[in-house]
Protein chains: 2
Amino acid sequence: MGNKVLIVGGVAGGASTAARLRRMDEEAEIIIFEQGPHISFANCGLPYHIGKVIEEREKLLVQTPEAMEARFNVEVRIKNKVVKIDRANQELEVKDLESDETYREDYDYVVLSPGADPIKPPVPGVDGDRIFTLRNIPDTDEIKGYVDQHKPDSAVVVGGGYIGVEMAENLHERGLDVSIVELAPQVLGPLDREMAAQVHNHLRMKGIELYLDNGVAGLADQEDKKKVSLSNGEELTTDLVIMAAGVSPNTELAQKAGLEIGETGGIKVNDYLQTSDPNIYAIGDAIEVTDAVTSNPAYIPLAGPANKQGRIVANNLTGAKEKFPGSQGTAIAKVFDLTVAGTGNNEKQLTEADIDYEVSYINKKNHAGYYPGAVPMTLKILFTPDEGRLLGAQIVGYEGVDKRIDVLATAIRFEKTVFDLQDLDLAYAPPFGSAKDPVNMAGFAAGNILNDKVDVIHWHQIDELADDAILLDVREEVEVKLGQIDGSVNIPLNSLRDRLEELDKSKEVVVYCAVGLRGYIGARILMQHGFENVKNLAGGYKLYSAVQKDEQGIIDDSTTPEGERLTSISNPEEGQQAEEEIEKTTSEL
Amino acid sequence: MGNKVLIVGGVAGGASTAARLRRMDEEAEIIIFEQGPHISFANCGLPYHIGKVIEEREKLLVQTPEAMEARFNVEVRIKNKVVKIDRANQELEVKDLESDETYREDYDYVVLSPGADPIKPPVPGVDGDRIFTLRNIPDTDEIKGYVDQHKPDSAVVVGGGYIGVEMAENLHERGLDVSIVELAPQVLGPLDREMAAQVHNHLRMKGIELYLDNGVAGLADQEDKKKVSLSNGEELTTDLVIMAAGVSPNTELAQKAGLEIGETGGIKVNDYLQTSDPNIYAIGDAIEVTDAVTSNPAYIPLAGPANKQGRIVANNLTGAKEKFPGSQGTAIAKVFDLTVAGTGNNEKQLTEADIDYEVSYINKKNHAGYYPGAVPMTLKILFTPDEGRLLGAQIVGYEGVDKRIDVLATAIRFEKTVFDLQDLDLAYAPPFGSAKDPVNMAGFAAGNILNDKVDVIHWHQIDELADDAILLDVREEVEVKLGQIDGSVNIPLNSLRDRLEELDKSKEVVVYCAVGLRGYIGARILMQHGFENVKNLAGGYKLYSAVQKDEQGIIDDSTTPEGERLTSISNPEEGQQAEEEIEKTTSEL
């Protein structure tokens, strides 16, 4: 095996490859070519430096060329752009961006880690000034420099993905009025609609204006401001625009070299991360991966897989035969007070892939309710309707969301079912969890559906109910004051057994409570007393009303940890009472 | 199937059984007998009410008899003690503790959930006043009442298990000087020695006095104080004594009824949680379970399994055939600033079970180092030396420990290997994790050992090294000031390639750094340059010196989140520099 390895791109995947390769092989000749001025910088930290959460710029420079060379005996050529792969001669053509000179470097192996480029919508004015993208340190310097110097009042963020939402938050923290414009009907695409509703409500409450289902039609200067024309005809006036409309894989080099490109637009690689040329590997945001759940091709540009791919390629370059097992797109974001996370496939993806699924929700606190500081999370899982194999999960909440998404990501990676979640032996002490963890509860709730212990109905099916269907609200009277689904009958759960005769057994009955737990108990009571068409509203009134509030643009002050504790009721005592009522049953399913 | 079910004990498992049973069967006759005055109270919250962390006593009463009856139509008889099981007649003999009358109740099925009793060492004076145990609400009232009223200055906690340590913390928070007396050489038995050392150091720094390897020989009054005589002859003077020396399963009823008792002392049950009488089930702290890792019988009294067992029994009583898959003893505790957790088997258990194992450590921050507030954790995994199957894990750290132990518990439950940890697709954003999560890193470190990329030596083997072995410290000079293993040679890692000739290739070389990462890189360099006997010190100097400090009783101010950030060096600038040096490589293994 030859031992001269040229690495194109020195950030996440490229730097990982070089470091691991050197540890495996002291003799290899390793050169990193990076067109930018930095290697291995803190990609995911950039918005937080603009927001001054990460105050020192140097913190972003995780690894410098000098340190990399000293530690790993790797040659790092920054500001050197690889312009061509000459596969026939096994040479790269490289342009030194400082001297403008072009030279050639021969190789035994190439590792392509060129990353991705921000997408700029091709609209008039998109190349004007004060229109920024955020991908690297120079971008960060530009945006932060502009904010520091000009102290702008407002910003429009185009794109509501992870970076868009993080930028909105950080610019808001800098005192700007921020609007998000998003082409889809929702922010954070990995979430499904009803989960995103909770994020929308929180963003609105924090003062972020949302323009959803809306594109940018044009950008122009207007006096000392920028004018942003939306596709629906609205016009926004702002000081600066952040283009965060996603990224596309940087495949220019690969395409010119005739390497195969996948159907999703990323460089095609095999399980060993080899391109169609066995001497050329590719990793990171430039490649197409296999969706670990569906086994379909997917484009999932995330830092975690990129770093792990670098390590695998280094191993394979030194004699191993390691497979990259595919990506499941596990991702997480802080969105002001919220933590939002997803893993595996969502409803949109499963529908597109033509895979049958069922979903269930639980709403449970991050730790024992009696220990101070407990806050709820909404946890959704998606699973096959036959065996209950886990297909995906989404969580919106506060503390403890990261833990549960990682446990669920682990279960999904191992191709486990909702029943496997029931028995997980997770760590419990009052400051950290509950005797039945939210993940166990998710397994219980889904298992009840699959074992026909209960039928569920979903938030979007309420409007399609027959006119004579009974909507049975089993919450306490105090909770009904929080709002109710139109046309509901209220019989608090504890009175239900005594008041069964008030309900018509021949009709469809949809039971609901705050989050779905008492509704389930109510449904079980009815089913066993001769009611033949009983359903429980999955996610309860809380989930249903989150979508309603979102659609109506209602500002909901309760979407904070404090607000959650009082269930948004104006009278704190009643809120407390309602909360305890909810609490009484949350340890059981 | 008959439908009259009598449940003996109304706390965790018993209450869970009743609630699930009612949901599955509206017609069943369900009676809970509870000898105490409360059902379903917050067992694990008791120490925190004494410490005033949970201020309101009512918070501890998760479920009341009235609420249970109203919601689940279950009859709850508190202060009713079951005194006999008459299996021949299928009747229980019950004593009403208020009226002192005895009556009989017939059954189709019995569920035994009598819990466990605190162990009181049989030493002189153990039944005197101001000697408390903590198991239920009345116990809590007694201790808290005493502390509130008498404002004692000091307390001795006998037993350093989870409850003992939590009590020590909570009494300390109430202003008492607290000592812990523990029979074993360490607190928190689920940890191994070197992991417990970090807890000892933290407890000492917080002002808790530790008397390890030491039992209580006797208790006596001495003027207005209690005198605690230790087995090593020392005498402690204190205001009150908490007996937290563990619990033993309450098997009295079962034994009298001739039910089979397991070798660990708990009631023996089959996979379906049936006792040797198929009409009698048993759950919770009273039973023997199967160790999910070794498949050996085990006694693991924890709240999580108890609650889940209750649900399984209810399902089995209504036609299901569900197995309890065994316990792996996942547990966690807050110990002042620390979070301490374990799952699966530790070295002591594996040695006793005669199972071969290897261990590895990593030390990594809970989230990206460049994002504010990052704090390290020491993560230990145990695995089979052949295939790398995970056998156990232990973590000592601050934030984020609970997440990693749950992911590892999940991997262990699914019988996965260290290699499976490498690919886990876990959620990464700077506030929550790293592109390579500590769990991934644990997989990398263990994989390197199994793939013969590096040999390791453990903290307890340093003293056994041959006299001419070379101890090579590859840390920076600034870090050497933090302390060093006696007789070490210091060659900072970045200079190692240039200074190889200073080392004798014929000798054994033990490389070490702060936490094991640069040591590994150094070992790789030496191995590839002709050194034939090279080992890396697992866990690095930090782990080694934690044991040293513990053994010498040195107070170490650095075992706090703030102290960790400065690596305990007196000059903050040098500390920062050292920390960054450590940081530079932590993204790689």
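Residues numbered from 1 in each chain as written. Chains lettered and ligands numbered in written order. Predicted model: local features only at pLDDT ≥ 70, side-chain atom pairs only at ≥ 80, totals over all residues. Heavy atoms only, no water.

- As annotated in an unreviewed UniProt entry, chain A carries the name FAD-dependent pyridine nucleotide-disulfide oxidoreductase and is attributed to Acetohalobium arabaticum.
- Chain A has a UniProt comment under Cofactor (unreviewed entry) that states "FAD".
- Taken from UniProt, the Sequence similarities (unreviewed entry) comment for chain A reads in full: "Belongs to the class-III pyridine nucleotide-disulfide oxidoreductase family." (UniProt positions renumbered as here; feature names shortened; annotations may be inferred.)

**A closer look at the overall build of chain A**
No. 1: Secondary structure summary: chain A contains 18 helices and 30 strands in total.
No. 2: Dimensions along the principal axes, computed over C-alpha positions, put chain A at roughly 90 × 60 × 40 Å.
No. 3: Relative to its 589 residues, chain A shows a buried fraction of 63%.
No. 4: Of the contacts formed within chain A by residues at least 6 apart in sequence, a portion of 64% connects residues at least 24 apart.
No. 5: Surface exposure of chain A reaches about 21100 Å², of which carbon and sulfur atoms provide 43%. (Helix = DSSP H or I, 4+ residues; strand = E, 2+ residues; numbered from the N terminus. Buried < 20%, exposed > 50% of the residue type's maximum accessible area, 1.4 Å probe, protein only. Contact = heavy atoms within 4.5 Å. Areas by Shrake-Rupley, 256 points an atom, 1.4 Å probe, with all protein chains shown as cover.)

**Focus on the interface of chain A and chain B**
No. 1: Taken together, the contact pairs 89 residues of chain A with 88 residues of chain B.
No. 2: Summing both sides of the interface, chain A and chain B together bury roughly 8400 Å²; the carbon and sulfur share of this comes to 55%.
No. 3: Broken down residue by residue, the surface that chain A buries against chain B is led by A:R71, A:Y370 and A:D425, which jointly contribute 11%.
No. 4: Here chain A is connected to chain B by six salt bridges.
No. 5: The residue A:D406 makes a salt bridge to B:K403 at a minimum N-O spacing of 3.9 Å. (Buried area = accessible area lost by both parts, 1.4 Å probe. Salt bridge = Lys/Arg side-chain N within 4 Å of Asp/Glu carboxyl O.)

**Things to note about the side chain of A:K403**
No. 1: Looking at the secondary structure, you find A:K403 in helix α10 (residues 401–413).
No. 2: Among the residues examined, A:K403 registers a relative accessible area of 2% and is labelled buried.
No. 3: Apart from residues lying up to four places away in sequence, A:K403 is in contact with A:F432, B:D402, B:K403 and B:D406.

**Structural notes on the sheet that holds strand β22 (residues 338–344) of chain B**
Residue and element names in this part refer to chain B.
No. 1: Spatially, the five strands line up as an open sheet ordered β21-β22-β25-β24-β23, and their pairing is antiparallel. The two strands at the open ends of the sheet, each matched to only one other strand, are β21 (331–335) and β23 (358–365). The sheet shows a mean angle of 15° between the axes of neighbouring strands, taken without regard to direction.
No. 2: Both strand β24 (residues 376–383) and strand β25 (residues 390–397) contribute to a ladder of six bridges, which runs antiparallel. Pairing of T378 across the sheet is with V396, part of β25. (Pairing = 2+ DSSP bridges. Axes fitted to C-alpha atoms, helices over the stretch in contact; angles between N-to-C directions.)

**Re the relation of the copies chain A and chain B**
No. 1: Structural alignment of chain A on chain B gives an RMSD of 0.0 Å, achieved by rotating through 180° and translating 0.0 Å along the axis. The superposition operator between the copies reduces to a two-fold rotation axis.
No. 2: Looking at chain A, 99% of its interface residues are interface residues in chain B too, so the copies touch through the same face. (Least-squares fit on C-alpha atoms with pLDDT ≥ 70 in both.)

**Some points on the nonpolar core**
No. 1: Membership of the largest hydrophobic core comes to 348 residues, with the highest contact counts inside it found for A:L112, A:I381, B:L112 and B:I381.
No. 2: Beyond its immediate chain neighbours, meaning those up to four positions away, B:L112 contacts B:V8, B:I85, B:L253, B:A254, B:L259, B:I267, B:I280, B:Y281, B:A282 and B:I283. (Core = buried A, V, L, I, M, F, W, Y, C linked by side-chain atoms within 4.5 Å.)

**Notes on the side chain of B:D86**
Residues and elements named next belong to chain B.
No. 1: Tracing the backbone shows D86 in strand β4 (residues 80–86).
No. 2: The buried category is assigned to D86, whose relative accessible area is 12%.
No. 3: For D86, the side chain forms a polar contact with the side chain of R104, separated by 2.3 Å.
No. 4: The contact partners of D86, leaving out residues within four places of it in the chain, are E91, R104 and Y107. (Polar contact = N/O pair within 3.5 Å; in protein donor to acceptor, adjacent residues only side chain to side chain.)

**Some words on the environment of B:Y272**
Residues and elements named next belong to chain B.
No. 1: In this structure, Y272 sits in the loop between α7 (252–256) and β18 (280–282).
No. 2: Each C-alpha atom of the pair Y272 and E352 lies 27 Å from the other, and the pair is 80 residues apart in sequence.
No. 3: Apart from the residues within four sequence positions on either side, Y272 is in contact with Y281, N316, K321, E322 and K323.

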